[in-house]
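What follows is each chain in one-letter form.
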Amino acid sequence: MDFGEPAPRQIISGIAEFFSPRELPGKRVCAILNLPERKIRGLVSQGMILTASGPDGKLALVNVPESTPNGARIS
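Just so we're clear, the structure is a prediction, and the values are computed from it rather than from any experiment. Residue indices begin from 1 for each chain and proceed along its sequence in written order. Restriction of local features to residues with pLDDT of at least 70 applies here, the model being predicted, together with a cutoff of 80 or more for giving and counting side-chain atom pairs; totals for whole chains, interfaces and linings are based on all residues. The side-chain values count all of the structure's non-hydrogen atoms but skip hydrogen atoms and water molecules.

### A short note on the overall build of the chain
Rules: Only DSSP runs of H or I reaching four residues or more are called helices, and only runs of E reaching two or more are called strands; each is numbered from the N terminus. Only protein chains enter the accessibility calculation, which uses a 1.4 Å probe; a residue whose area is less than 20% of its type maximum is buried, one above 50% is exposed, and one in between is partly exposed. The Shrake-Rupley method, run with a 1.4 Å probe, gives the accessible areas here. Residue values count only the displayed protein chains as cover.
Secondary structure summary: the chain contains zero helices and six strands in total. The secondary structure elements of the chain, listed N-terminal to C-terminal, are β-β-β-β-β-β. When the backbone C-alpha atoms are referred to their principal axes, the chain occupies close to 40 × 35 × 25 Å. Out of the 75 residues in the chain, the part that is buried amounts to 20%. Split by element, the accessible area of the chain, about 5800 Å² in all, is 53% carbon and sulfur.

See below:
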């Protein structure tokens, strides 16, 4: 994932049951990047994608407007 850093980050998450692979490319999401790297399913994850869920259990990505630059800080 491109967060405006010199190299892209790999983030491993469990969102596959909620989103098809076709839905995700090009999405602008919020992520937590100040976590230590962690091995998940044998792969190194370098952050966590933020999501929200409603009473129906449906997951939604927390996203930002297209005009927000990659790597912008959440405050």
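### Quick word on the pattern of salt bridges
Our working definition: Each reported salt bridge corresponds to a side-chain nitrogen of Lys or Arg within 4 Å of a carboxyl oxygen of Asp or Glu.
Applying the stated criterion across every chain, the model contains one salt bridge. Across the salt bridge formed by Glu5 and Arg9, the nearest N and O atoms sit 2.7 Å from each other.

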